[in-house]
Amino acid sequence: MGEHHGPAKGIMRWLTTTNHKDIGAMYLWFSFAMFLMGGSFAMIIRAELFQPGLQLVEPGFFNQMTTMHGLVMVFGAIMPSFVGLANYLIPMMIGAPDMALPRMNNWSFWILPPAFLILAGTLFMEGGGPNFGWTFYAPLSTTYAPPSVTFFIFGVHIMGLSSIMGSINIIATVVNMRAPGMTYMKMPLFVWTWLITAFLLVAVMPVLAGAVTMMLMDIHFGTSFFSAAGGGDPVLFQHVFWFFGHPEVYIIILPAFGVISHIIPAFSRKALFGYDSMVYATASIAFLSFIVWAHHMYTVGMPVAGELFFMYATTLIAVPTAAKVFNWITTMYRGSLSFETPMLFAIGFVVLFTIGGFTGLMLSIAPADFQYHDTYFVVAHFHYTMVAGAIFAMSASIYFWIHKWTGRRYNEAMGKAHFWISFLGFNLTFFPQHFVGLAGMPRRIPDYALQFADFNMMSSIGAFIYGASQLLFLYNVVATIRSGKKDDAKKTWDGAEGLEWEVPSPAPYHTYSVPPQVK
Amino acid sequence: MCSKAQLLLKHAMLSLVAFVSVISTSAWAEAERWQVNMTPGVTEIGHKIYGLHMLVFWICVVAGVGVFGYLIYSMIAFRKSKGAVSANFHENTTVEILWTVIPFLILIGIAVPSTTTLLEIYDTDDADLDVLVTGYQWKWKYEYLDANGENVSFFSNLRTPQGEIYNEDDKGEHYLLEVDEPLVLPTNKKIRFLVTANDVLHSWWVPAIAVKRDAVPGFINEAWSRIPEAGIYRGQCTELCGRNHGYMPIVVNAVEQDEFDAWIGERKAKAAQIKELMSKNFTLDEQMAAGQKVYMTNCVACHGVNGEGGVGKPIAGSAVAMGELNGLINILVNGRAGTAMPAFGNQLNDVDLSAVITYARNGFGNKMGDVVQPIDVFNFKQGQ
C-alpha cells in the first residue's frame, strides 16, 4: 500500500495538497513574489529620493509606497518565507512524516494570497491605499484614513489568522512528532528557534487583531478607543501596536538565528559552539521581547519611571544577542573553513546584523534616542537587522538546502556574484542613511533639505544595485530547478549534520514512512 | 526624457567623484554636505546627549574591533584550503559566563549617565517662559502664555515656494527648512514647551536645542530648553502626519532678552491693529492683493496655483466659490467634514479670511465682482 501515493496532477495538486514540501515550496514562492513587489515599492521610494524636490510621485502616493513597502515586506515576504522554510524543513529535521495538522497547513497558506490581493487592491481604490506608515498610528489611520483602510484591516485579520494557524501547526508538530530519541535538547537549532517563534506568534498576533479591530470600531461603529475627542487615547494605540510589534521583530529574526546556527557549523566542519547557551539565549530574547515595547515610544511623553524601565530592559537584550554572536564566531575558531555562497551570506549576516545590534544599543539609550527617533538613523538600524539579518539568512538558506529539495546543484559562481553584489548594494544603500539620520533627516518624507542630497543619491544607487541583484538570484534558482547539475549525494555539504542530510536528494515526497532513530 | 536621464546620470557621476575627492582631501568646507555625525547643538542638555551618543558609539567601535577582528582572524587562520583541520571542542562554561557578565557590566556603566541625563530632560519645573506648540496638518501654531492673559499666538507655515519643490526654480539655501513666521525665543531663559496637536500626531523637533516631543491630540507633553546663544535653529516634524509631513518645518530664532521683549511688544501692538482693521472697508484691489498672499500660504498646496484643484476641489469656475456668500464663508470657517479641507476659523484672522474669500470669488477668472469685508466674516461667526 502506498507506493502509488504521489502528488495529484496539475493545478489541483497545489490547491488540495496537504504535503509539507508542496506547501513549503508554495510559501517560499509566494514570499519571493511579495519580496519583488515590496522591493519595487522601495525602488519607487528611492527613485523619488534620488534628488531633492518632487520628480516622480506626489507626497500622498509616496506615503502609500512607504506604507505598502513595510507591510508587504514584513507580512508578505519575510514572515511567510520563514514559515515556508519551517514547513519544508522541520518534519525532515525531526524525523516526522509530515506536519501534525496537514489540512490546516493547506488552509493557512491558501488564505494568504487573497489577503495580499486585498491589500494590493487598496492601491486602486478611491482615496488610494494605506498611507499612514506600516505602524499605522491612530488617528492618522482611523479618523484621517482613506476609505480603503477597512480593506487593509480585513487583510491584516486574514494574515494574522494564517500566522496563528501556521504557528499552532509548528508547535503541534515539534511537540508531538519528533523521532524516537530526539529529546528537546537534541533538536536542531532551527527547530528550537521556530518553536519559540511560534509561541511568540500565538501570543501576539491576537493583540494585532485586537488593535485593528479597535480601529474598525472607531471608524465604523462610533467608538473612541483612539480618539481624544471621545475620551480615548491615541497613545493607547501605540502601546497595543508595539506590544505586538516588538515581539514581531524577534519573530522575524529568531528563525534567521536558527539557520545561521546550521550553516556556520557546516562550513566550519565543527559542531556549533555552545548549543545549550544558544537555546537559553533564544528563550531569553523571546522573554525580553515582551517587556521592551515602549522603547519605540520614548518621545511620546511617558512618565520618567516608565522611560527608565523600558531603557534598562532594552539594553539587557544586548547580553543574549552578544552571546549568540560570540558563539557563532567561536564555532568558526579552529574550524576548517570554506566559503561557499551560504557561508558568505552567513558571515555577511553576522557582520551586518552585529552592526544593526550596535545601533540598536545606541537607540536603546532614551536620552540619545530623543535625537535619533524617527530619523533615517532608525531606518538604517532596522534595515541592517531586517535585510542583512532576515533576508541574508533566507538567501543563505535557499543556497544551503536547494540541492536537498531539487536534487540539483546551483551555479556557485552566480551565487557568489549574488552575494557580493547584494553586500555592496546593501551597504551603499543603508550605511549613508546612518549619516543623514544623525545629521537630522526625518524618515517618511518625500523630499528633503539640500544638505542631505549627496548621501541620498548614493543610497538610491545602492538600492537599485541591491534590487537588481535579486533578479540574478531568481535566475539562479529557476536555472537550478530546470537545468541544474543532477547530483544524488545525500549530503550537499561535507560538514552538514542533521536528519535531513540522511535522506536522498531530492528528498522523497514522503520523507519518512518509518521514523528514524536518533542516538 | 532622454536628456533628463542623462542629467541624472551626470549628477550621479559627479556626486560619486565628489564623494571620493572629499574622502581623500578631507575638505572641511564641505562639512555640512558630508556631515556624518550628530551635532552637539548649543544647549547643555544637547552636549550631554552628544556625550552619551559618543560614549556608546565608542563602546560599540571597541566591541566591533574585537568581534570583527576575532571573525577575520578566524576566517584567515582556519581556512580548509590552507589545510586547517577542525578541532573538537563545542563548549566552555567559563568563557560563556565571561561573555555574558562583561557586556552586562558595560551596560550598567552606560545606564548611570543615561539615567541622570534623562532625569534632567524630564525636569520641566521653574520655567521662565511657557510656549504652547500645537501641530496642525501641516503647520505649527505657537502661543506665548502670558501671566496677564495677553497671549500672543500665530501660525508658522512653510515658506519654500511650490516652484522650488517642483523643480521649476532653483532651490534656495534653506530649501524646506524656512517658514514665514519663526518662533522667537529669548536666550538664557528656561523655556517650557507645552506640545500638543489639533488633528493627528506630529512631533516637534529642533536638533540644535535638543528638543523632540510628540504632539498628541488631546494631551499636552512637556519639554524644555535653555538656549545660550542667539541664532537661527531649524528643525522638522518627525512623526508621519499625512500628505505634507515633509513640509512642516520649524525655525527658532533665538534673540537676547531685550530684543525679545521688543518683539513681543510689537506682536501685541499688531494684534491691536488687526482689531482696528476689522472695522475698515477694503477695496477690491486691496482684498485681491492680500487674498492672493493668504492663498499662496494656506491654500495652494491642495487647490493649486491656478485654482485648478488637486487634493482639494478646483476653485476656478467653482459653483461653490461663486455661490451664496455665507455658504463659502462657512466652508472656510468650519472646514468640510470628511474631506481634507480644514476649518480655518481659528487659524486665520477675519481680515485674512475676508481677503482670501474675496480672492476665491474674483481670482482664477471667477470675477464675481463683490468685495467681502472682515465684518462679514465676523458677523457670520457671531451668527453661528
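The structure displayed is predicted, hence computed values, not measured ones.

(A) Here's a closer look at the packing of aromatic side chains. Residues and elements named next belong to chain A. Scanning the entire structure with this criterion turns up 76 aromatic pairs over all chains. Between F32 and F35, the ring centres sit 5.9 Å apart and the planes meet at 55°, which makes this aromatic pair tilted. Taken together, the positions of F32 and F35, both in helix α2 (residues 20-48) and 3 residues apart, correspond to about one turn of that helix. Each member of the pair, F32 as well as F35, is classed as buried.

(B) Looking closely at the interface of chain A and chain B. Contact with chain A, which involves 98 residues of that partner, is made by 90 residues of chain B. At the boundary of chain A with chain B, the tally comes to 1 salt bridge. Between R243 of chain B and E58 of chain A there is a salt bridge, and its shortest N-O distance comes to 2.9 Å. For the pair chain A and chain B, the number of links is 28 residue pairs in polar contact (both at pLDDT 80 or more). Where the side of chain A that touches chain B is concerned, the elements lending two or more residues are α3 (59-94), α8 (234-268), α10 (304-316), α11 (318-332), α12 (341-364), α13 (366-372), α15 (412-438) and α16 (453-483) of chain A.

(C) Structural detail: the nonpolar core. In this structure, Y144, F193 and W204 of chain B are the most contacted members of the largest nonpolar core, which totals 257 residues. No other element matches α3 of chain A, which puts 21 residues into this core. The residues that make up this core include at least three from each of domain 2 (44-122) and domain 3 (129-266) of chain B. The contacts of W204 of chain B, once residues within four sequence positions are left out, are V133, W140, Y142, L183, F193, V195, I209, V211, K212, R213, I250 and V252 of chain B. One finds V333, L353, A360 and F380 of chain B within the second-largest nonpolar core, a separate group that totals 23 residues.

(D) Main features of the pairing of strand β7 (residues 211-215) of chain B. All names here are of chain B. Counting buried residues in β7 gives 5 out of 5 residues, a clear majority hidden from the surface. Along β7, one buried face is formed by V211, R213 and A215 and the opposite face, lined by K212 and D214, is buried too. Relative to β7, strand β6 (residues 202-206) runs antiparallel, the two being bridged by 5 bridges. By the bridge assignment, S203 is partnered in β7 with D214. Two successive antiparallel strands, β6 and β7, enclose a turn made up of 4 residues, where A210 displays a positive phi of approximately 55°.

(E) Looking closely at α10 of chain A. With 13 residues, α10 of chain A should reach 18 Å at 1.5 Å per residue; the first-to-last C-alpha distance of 19 Å fits that figure. Where α10 of chain A is buried, its residues meet α9 (275-288), α11, α12 and α13 of chain A together with α3 (93-122) of chain B.

(F) View of the sheet that holds strand β9 (residues 231-237) of chain B. Residues and elements named next belong to chain B. Strand order across the open sheet formed by 5 strands is β4-β10-β9-β6-β7, with mixed pairing between neighbours. A single partner strand is all that each edge strand has here, and the edge strands are β4 (183-186) and β7. Strand-to-strand twist in this sheet, taken as the mean axis angle between neighbours without regard to direction, amounts to 25°. Across the sheet, helix α5 (residues 257-277) touches β4 and β10 (249-255), and the angle it forms with β4 is around 135°.

(G) Layout of α3 of chain A. Residue and element names in this part refer to chain A. Given a rise of 1.5 Å per residue, 36 residues ought to cover 52 Å, and the 50 Å separating the end C-alpha atoms of α3 matches this to within 8%. A maximum bend of about 35° is found in α3 at M73. Burial analysis of α3 places 35 of its 36 residues in the buried class, the great majority of the element.

(H) Broad picture of a negative patch on the surface. All names here are of chain B. Together, D123, D125, D126, D128 and E222 give the surface a local cluster of negative charge. Tracing the backbone shows D126 in the loop between α3 and β1 (129-136). The exposure class assigned to D126 is exposed, which follows from its relative accessible area of 71%.

(I) Spatial organisation of the domain arrangement of chain B. All names here are of chain B. Domain annotation of chain B identifies domain 1 (1-36), domain 2 (44-122), domain 3 (129-266) and domain 4 (278-383). With centres defined by C-alpha atoms, the gap from domain 3 to domain 4 works out at 26 Å. Counting residues at the interface gives 8 residues for domain 3, matched by 8 residues for domain 4. Counting each side, the surface lost to burial between domain 3 and domain 4 is near 720 Å², with a carbon and sulfur contribution of 55%. On the surface where domain 3 and domain 4 come into contact, there are 0 salt bridges. In this structure, the connection of domain 3 to domain 4 is made through 1 residue pair in polar contact (both at pLDDT 80 or more). Its residues placed into classes, the side of domain 3 that touches domain 4 shows 2 nonpolar, 3 polar and 3 charged.

(J) Region of the structure containing the side chain of R444 of chain A. Summarising the element assignment, R444 of chain A is placed in the loop between α15 and α16. Within the buried set, R444 of chain A has no salt-bridge partner at all; the shortest N-O distance to an opposite charge, 4.4 Å, is to E239 of chain B. Of the polar contacts made by the side chain of R444 of chain A, one reaches the side chain of T135 of chain A; its length is 3.3 Å.

(K) View of the state of the cysteines. Summed over all chains, the structure comprises 0 disulfides over all chains. Left without a disulfide partner, C299 of chain B is nearest to the cysteine sulfur of C302 of chain B, which lies 8.8 Å away.

Procedures and definitions
- Residues numbered from 1 in each chain as written.
- Chains lettered and ligands numbered in written order.
- Predicted model: local features only at pLDDT ≥ 70, side-chain atom pairs only at ≥ 80, totals over all residues.
- Heavy atoms only, no water.
- Phe/Tyr/Trp six-rings, centres within 6.5 Å; stacked < 30°, edge-to-face > 60°.
- Helix = DSSP H or I, 4+ residues; strand = E, 2+ residues; numbered from the N terminus.
- Buried < 20%, exposed > 50% of the residue type's maximum accessible area, 1.4 Å probe, protein only.
- Contact = heavy atoms within 4.5 Å.
- Salt bridge = Lys/Arg side-chain N within 4 Å of Asp/Glu carboxyl O.
- Polar contact = N/O pair within 3.5 Å; in protein donor to acceptor, adjacent residues only side chain to side chain.
- Core = buried A, V, L, I, M, F, W, Y, C linked by side-chain atoms within 4.5 Å.
- Domains from an automatic or database assignment.
- Pairing = 2+ DSSP bridges.
- Expected span 1.5 Å × (residues − 1).
- Axes fitted to C-alpha atoms, helices over the stretch in contact; angles between N-to-C directions.
- Bend = angle between axes of the 7 residues up to and from the residue.
- Patch = residues over 30% accessible without salt bridge, like charges linked within 9 Å, V, L, I, M, F, W, Y side chains within 5 Å.
- Areas by Shrake-Rupley, 256 points an atom, 1.4 Å probe, with all protein chains shown as cover.
- Lys, Arg positive; Asp, Glu negative; His and termini not counted.
- Charge placed at Lys NZ, Arg CZ, Asp CG, Glu CD.
- Buried area = accessible area lost by both parts, 1.4 Å probe.
- Nonpolar A, V, L, I, M, F, W, Y, C, P; charged D, E, K, R; others polar.
- Disulfide = S-S within 2.5 Å.

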